[in-house]
Every structure is written in structure tokens, then in C-alpha cells.
Amino acid sequence: MSALIDDLPDLDALRVEDERRTLDACFLGPYGENDTLLEKLVVEFLRDHVYWRRTFHPEDPPAIPTRAAQHPRYQAFEARMRRELHALSAALKKSVPFHSPRYIGHMASDLLLPGLAAQMLTLPYNPNNVCEDAAPVTVEMEVRAGLQLARMFGYPDDTARADCAFGHLTSGGTVANYQALRLALALKAFPVALRAAGVPDIEVPGSDREAFNLAPRDAIALHERWQAWLRAQPAGDRRAWRERVEQARPEHTGLTAFFARHPQLQPPVVLAPVTAHYSWSKGMKLLGLGRAQLLRVPEVGMRMDADALDAVLERCLLEHTPVLACVGVLGTTEYGTVDPIDRIVAARERFTARGLGFAVHVDAAWGGYMATLFREPDGRLRPREAILAEHAQFPQPHVHAAFAALADTDSITVDPHKLGYLPYGAGAFVCRDHRAVALLAEQADYVFHGDAPDDYFARHRRLGQVIPEGSKSGAAAAAVYVTHRVLPLDHAHFGALPRQTIRAAEAFAAAAARFAADIAPMAIAFVPFAPDSNLVCVAINPVGNRNVAAANAFVQRLADELRCDPSQPLQARQFFGSSTTLRPESIGQDELARILGALGLDAASFGVDDGADRVLILRHTLMNPYPLDHENGISYIDHYFDHLAGRIRLLLAERTASVSKAPHAP
Ligand SMILES: *Cc1c(COP(=O)(O)O)cnc(C)c1O
């Protein structure tokens with residue numbers, strides 16, 4: 001029965017039990033078990049909100065008459081509202097059941113109660129985190145949430161430090177990735193603008209090309225020197241100097257005029273692995289650099305090939321192509337694999353020394369919160385052995401090295417609305433040195449605003465100056481901040497959640513092996529590559545089939561039955577999963593040949609027919625906290641594989657039946 005217990009290293013039994021009892025209070029639960037708790041919280045804080053309204057100016061009497069509810073117009077409105085709300089509530093019953101342990105599809109699960117409650121309780125106050133005037137409470141919470149995330153990654157989070165990190169929330173990972181591009185471009189172009197403005201006394205690089213190829217940290221240092229110089233100028237001159245530099249920046253001139261003015265410079269490229277999320281293409285379009293400037297670095301085994309990255313960088317150096325940023329992915333959307341962040345950071349150091357500086361950005365939209373497993377409560381990095389003791393294989397040495405290197409990157413995207421188990425509308429952008437974002441400010445007048453720039457919070461409470469959005473939800477910020485307070489972002493607290501998902505993924509992989517043995521007479525099945533995190537894929541091919549297109553068609557039928565189908569009642573679905581493909585660009589030719597061979601597929605049929613240029617596989621996200629119901633001794637993981645085996649049996653039986661019937665068909 002219990003896959004988790006049989007297959008995994010024994011943790012201290014007491015700790016497991018404690019951890020489970022803590023998790024009991026974390027979610028509404030698959031059955032709505034914690035309904036009373038949530039209801040109490042909602043009612044308690046709704047009353048609290050009403051009390052706040054009534055005590056604002058108690059001398060103001062109620063403006064809506066006490067007997068209002070008896071008026072026919074009132075009643076008609078209420079009836080219409082109820083009708084529509086009932087219709088909405090009924091329609092929502094067709095939603096995807098993210099909360100269920102039968103949902104192992106995409107990157108969503110149940111919501112953490114502290115976040116859900118914080119969001120609900122904040123909504124009626126409706127704070128707008130565009131600025132402090134509209135959100136006196138939640139803007140500071142957002143800045144603090146940024147510091148909480150920074151600490152999780154190993155960035156400096158002490159606001160007394162000049163180079164303290166800074167982070168803010170976004171609507172999601174897509175916008176956070178865009179923010180990373182914007183910031184990298186601002187830092188890259190600033191030294192060129194400073195040269196063009198001809199500011200005396202500040203030592204700038206000798207040529208435009210040198211100026212455009214500084215590493216972000218050198219651009220930040222240059223910007224700091226410029227700010228100090230500016231402050232030392234007579235008040236009358238400051239504005240003119242500032243204007244001069246501002247007008248030389250591409251944020252003012254536009255990219256076309258900027259590159260026309262600096263003929264020595266080519267537009268920069270962004271390097272990202274083949275399987276990078278499509279938000280990178282969107283970001284390049286938004287920035288005006290264009291998708292063509294997004295260079296795809298080859299991968300091996302679904303991870304960026306560090307040697308190939310070196311080769312691309314050598315070519316850029318040779319051809320004088322500036323590199324805006326190199327993006328590493330920490331938990332790919334498709335496979336959950338982790339890029340060698342440590343080797344990307346090392347490449348930045350080597351190439352910066354040779355005159356090709358660039359930013360290292362980590363797209364950790366998916367895997368970011370797994371960093372809690374690597375963090376001690378006091379902020380130190382945990383050694384690999386300590387983490388490994390809690391899992392069967394996680395973290396592999398390359399995974400530990402990647403997480404350890406996060407502290408040395410320039411910026412990171414992370415999605416609280418994915419592995420942070422919070423409601424949608426919460427992504428985050430975090431940069432290692434808060435001083436960089438001054439370059440994003442819509443108005444640079446922060447310099448002259450009293451002593452604001454010296455105080456970390458006073459400076460960053462002006463969120464609207466630097467975020468891509470304008471008005472935005474303060475309730476989302478409250479949800480993120482409160483959740484991180486209840487479950488601090490280290491292995492002893494929040495870490496219980498990713499630990500659970502990794503252990504579930506390891507149990508899932510073990511169950512997949514048993515499943516493969518069970519169905520061996522009918523189909524070949526296996527986990528095609530060792531998972532880096534909590535995403536597990538399964539490749540399947542009916543015994544005897546050698547054709548890639550036919551194998552894909554078979555897996556497609558299985559996948560179709562694991563997908564949401566609005567035309568059918570929700571209960572008709574036993575499980576929800578998803579699918580993805582293996583392509584030579586992401587997995588590499590050798591690995592592809594190995595997998596084709598193991599599936600019994602004829603390599604000669606690869607790429608021949610339509611749809612045969614890839615291998616379709618099932619993909620599972622083990623994010624739900626209840627894959628194994630200890631209370632009732634149910635393993636949803638085992639149930640899933642029983643279900644899958646049943647479907648495979650049925651599909652193959654149908655096929656045999658239709659083949660044997662075919663000659664007699666009318
Ligand atoms: C989900 C995801 C994104 C996009 O994030 P959204 O929150 O959907 O905008 C970007 N990169 C990766 C790796 C992701 O998994």
C-alpha cells in the first residue's frame with residue numbers, strides 16, 4: 001500500500017508526525033476538512049472590518065436606512081444578485097479540482113490557509129500597491145515579502161547594508177521575467193549614456209563597447225558614483241546634469257536612436273536554454289529587441305549545456321555581439337529540470353574578465369520555493385548530505401550546486417502562485433542589489449526628495465516608480481507576506497511543503513517502476529530521465545510497436561483522458577495529468593537514441609510522419625500535499641497507476657478487437 005513509507009528513507013518518526021500535524025492546519029483540505037477554521041476566520045475578520053468602518057467617525061450615522069431591505073427595489077436587486085451568484089457558483093463546479101490528490105496535472109494545488117485568509121480579509125480594504133498613499137500598510141508588506149524571498153535565495157536581506165537585495169511582486173512570472181530584461185538593459189546602457197553626457201570627474205570606460213559590456217555590478221557602482229557626484233554639485237547645476245544623462249539613455253531616446261548614436265554597438269542578445277518558458281519570447285518582443293535576439297543555448301538531458309554556453313559566448317565575444325543576460329531555469333516548466341546555475345555564474349566571471357559582461361537571471365518561477373529546503377533557519381546554506389538524508393535521491397550534486405549558486409546571480413523570478421501555494425496574481429522579481437532599481441524609476445527625482453534615498457523602506461515604498469504595472473493588488477502582497485511569516489522560508493518551516501512534494505515524486509517514480517513491471521506484457525513504460533525536482537514523466541509504448549507516430553498517437557489517447565473536458569461531468573475523470581514532448585533540441589541526440597531504443601521504437605521512423613519529430617510522454621506534477629492519505633491508508637499514487645494500467649489494457653483490447661473485426665466490417 002503505502003508507497004511513501006516503503007520507498008523512502010526513514011525520517012525521525014516523531015518529526016514526520018509533527019510535520020503532518022502542522023500540515024493538517026495548512027489547507028482547506030481535499031474534503032474541505034478545515035471548513036470551520038476558514039469560516040471562523042472569514043467571519044471574524046469581516047466583523048473586524050465592519051468595526052473599523054463604524055469607528056472611523058462614529059458620529060456619522062448609517063447612510064443606508066435600517067428598513068432599506070424591505071423596499072421592493074432593494075429586494076429586486078438582491079434577487080438579481082443572488083440569481084447571478086448562484087449561476088456563477090454552479091458554473092464554477094466545472095473548475096479544475098486543483099485541491100484534489102487526484103490532480104497531478106499542472107502547476108497548481110490547494111491554497112495555503114494563511115494566504116487565502118489574508119487575501120480575503122484584505123480585499124474589502126482594497127489597498128492599491130502602486131504607492132504608499134493608496135496602500136499605507138500593504139506596500140511595506142510587499143517590500144518585506146521581497147526581502148523574505150531574497151533571504152530564501154541567499155541574497156543579502158539586511159536593509160542596513162548598502163547592497164541589500166530588493167524584490168517586488170508582479171502579476172506572475174511572465175511580468176517578473178520582463179522586469180529582469182528591463183533592468184538588465186537599463187544597467188547595460190547606463191554607462192554608455194554616462195559617457196555620452198560627458199560628465200567630468202567620473203572615470204568611465206574608454207569606449208562605448210567597453211561601457212556596454214560591463215557586468216551589472218560594475219554598472220551599479222558607476223551609477224552610485226554618479227549619484228554621489230550629482231549630490232555634490234551646486235543645486236542649480238544638478239537638474240541640467242541629470243537631464244543630460246537621462247536624455248542619453250535608451251529609455252528616453254528609444255532603442256533605434258540609441259543604437260544610431262552609438263554605431264560601435266550592436267543590439268544585445270539574450271541567452272536562454274531551448275526549453276525556456278515562452279514568456280522570454282514575449283519579453284523580447286515587449287522590450288523591442290525582438291525574438292530574433294533570443295538565442296537558444298543547446299541542452300543535454302533537458303538542462304542547459306554549459307559547454308555549449310561557453311561556445312556561444314566565445315562566438316559573441318569574437319563577433320562583438322553584446323550579451324544582455326544569460327537566463328538559467330531552476331525547475332523547467334516541462335520537466336522540472338534544473339540548469340547548472342553555478343556554471344552560468346562561473347561563465348559570467350570568466351567572460352566579464354575578457355570584456356563580455358552580462359547579467360545572470362534565474363527563472364525560478366517554478367522551482368524557486370524549493371530553495372527553502374536548502375536554507376537553515378539562521379540563513380545558512382544546508383549541506384547536500386543533510387537534505388539527502390530526507391529523500392531517496394534529492395538533491396543530486398548538480399542540483400545542490402545550482403541552488404547554492406543562486407546567491408551569486410543578479411536577479412531571480414519566483415512565483416508565489418505556484419510552489420508558494422497562494423492565489424493567482426502573485427509572481428515576484430528579486431534582484432541582488434537594491435541600488436540597481438533606481439535606474440528603472442519613472443522619475444529620477446528620488447535623489448532630491450529629502451532624505452528618502454538613504455532609508456531603504458522610504459525609498460522602496462514608491463513601488464509604482466519601478467514596477468511594470470500601475471495599480472495592483474495590495475491583498476496579494478498581504479497574502480504573500482503573512483504566509484511567509486506563518487511559514488518562514490527555511491527547511492524547518494515552509495520546507496515541509498517542498499519536502500513533501502519531493503518525497504511524493506520519489507514515491508511516484510518508485511510506483512512507476514512497479515507499474516512498468518505489471519504492464520510489461522502489454523507495454524513498455526519507464527521514467528525517461530531522473531527527475532531533478534517534483535515533476536515526473538512517464539514514457540509508454542505498446543509492446544510490438546516500432547513506429548514513433550503510432551506510439552505518440554497511443555500516448556495522446558491516454559493524455560486526452562487525463563485532461564479537463566468541459567463537455568463532461570467532472571466526476572467522469574478519475575485523474576488529471578498532463579503531457580509533454582521529448583525533442584532532440586532539449587534532450588540531445590544521444591539521450592533521444594537511448595530513449596527510442598528503450599521504448600523499442602525504430603529510430604528510422606523518427607521525424608518521418610507528421611508528429612513523429614518528438615516523443616510524447618505523460619507528465620505529472622506532484623504538488624498536492626495528500627498523495628498518500630495516511631488517515632485512510634489510501635495511496636492516490638498507486639490508484640493512479642492502477643487506473644493508467646486499466647486504460648492501457650482497454651485501449652489495447654479495443655485495438656485488437658477492431659483489427660480482428662476489420663475484415664468483416666460492412
Ligand atoms: C510558469 C512559468 C513562467 C510564467 O509564469 P506566469 O506566472 O505563468 O506568468 C515562467 N517561467 C517558468 C519556468 C515557469 O514555470
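Residues numbered from 1 in each chain as written. Predicted model: local features only at pLDDT ≥ 70, side-chain atom pairs only at ≥ 80, totals over all residues. Heavy atoms only, no water.

Novice: Before we go on, may I ask you to explain the pattern of salt bridges in this structure?
Specialist: Where charged atoms from two side chains of opposite charge come close, those side chains can pair. For the structure shown, the criterion picks out 32 salt bridges. Salt-bridge contacts for Glu140 lead to Arg461; the nearest nitrogen and oxygen are separated by 2.6 Å. Of this pair, Glu140 sits in helix α6 (residues 138–153) while Arg461 sits in the loop between α18 (456–460) and α19 (474–486); the two residues are 321 residues apart in sequence, bridging distant segments of the chain. For Arg461, a relative accessible area of 17% gives the class buried. For Arg499, the salt bridge is made with Glu390, and the minimal N-O distance between the two is 3.3 Å. With Arg499 in helix α20 (residues 496–519) and Glu390 in the loop between α16 (384–388) and α17 (397–404), this residue pair connects regions lying 109 residues apart in the sequence. Summarising the burial analysis for this pair, Arg499 and Glu390 share the class buried. Here the salt bridges share partners, and the residues they tie into one network are Glu17, Arg20, Arg21 and Asp24. (Salt bridge = Lys/Arg side-chain N within 4 Å of Asp/Glu carboxyl O. Helix = DSSP H or I, 4+ residues; strand = E, 2+ residues; numbered from the N terminus. Buried < 20%, exposed > 50% of the residue type's maximum accessible area, 1.4 Å probe, protein only.)

Novice: Hey, could you run me through the sheet that holds strand β10 (residues 523–526) in this one?
Specialist: Read across the sheet, four strands follow the order β10-β11-β13-β12 without closing on themselves; strand pairing throughout is antiparallel. Edge positions in the open sheet fall to β10 and β12 (578–582), since each of these has one partner strand only. Each neighbouring strand pair of the sheet contributes to a mean axis angle of 30°, computed without reference to strand direction. Taken together, the four bridges between strand β11 (residues 535–542) and strand β13 (residues 615–621) define a ladder with antiparallel strand orientation. Paired with Leu535 across the two strands is Thr621, which belongs to β13. Its contacts with the sheet put α20 on β10, β11 and β13, and the angle it makes with β11 is roughly 10°. (Pairing = 2+ DSSP bridges. Axes fitted to C-alpha atoms, helices over the stretch in contact; angles between N-to-C directions. Contact = heavy atoms within 4.5 Å.)

Novice: I tried to follow the pairing of strand β6 (residues 323–329) on my own but got confused; where do I start?
Specialist: Within a regular strand, the side chains alternate between the two sheet faces. Buried residues dominate β6, accounting for seven of its seven residues. Inspection of the sheet shows strand β2 (residues 269–273) paired to β6 by three bridges, in the parallel sense. Paired with Val269 across the strands is Val323, a residue of β6. Both β6 and strand β7 (residues 359–364) contribute to a ladder of five bridges, which runs parallel. Opposite Val329, over in β7, you have Asp363 as the bridge partner. Handedness of the crossover joining β6 and β7 through helix α15 (residues 341–353) is recorded here as right-handed. (Right-handed = clockwise from strand over helix to strand, strands pointing away.)

Novice: Help me understand unusual backbone geometry in this model?
Specialist: Peptide bonds are mostly trans, and most non-glycine residues show a negative phi. Following Phe394, the chain continues into Pro395 via a peptide bond in cis, with omega recorded as -5°. With respect to the element layout, Pro395 can be found in the loop between α16 and α17. The phi dihedral of Asn126 falls on the positive side, at around 45°, and the residue is not glycine. Summarising the element assignment, Asn126 is placed in the loop between α5 (113–122) and α6.

Novice: Looking at this model, I keep getting lost on the site of the ligand. Mind explaining?
Specialist: The local shell around the ligand holds 13 residues, among which Thr174, Asp363, Asp415, His417 and Lys418 are the closest. Relative to its free-state accessible area of 380 Å², the ligand is covered by the protein chains to the extent of 87%. For the shell around the ligand, the residue count by class is two nonpolar, eight polar and three charged. (Near = heavy atom within 4 Å. Areas by Shrake-Rupley, 256 points an atom, 1.4 Å probe, with all protein chains shown as cover. Nonpolar A, V, L, I, M, F, W, Y, C, P; charged D, E, K, R; others polar.)

By themselves, these observations are geometric and do not establish any function.
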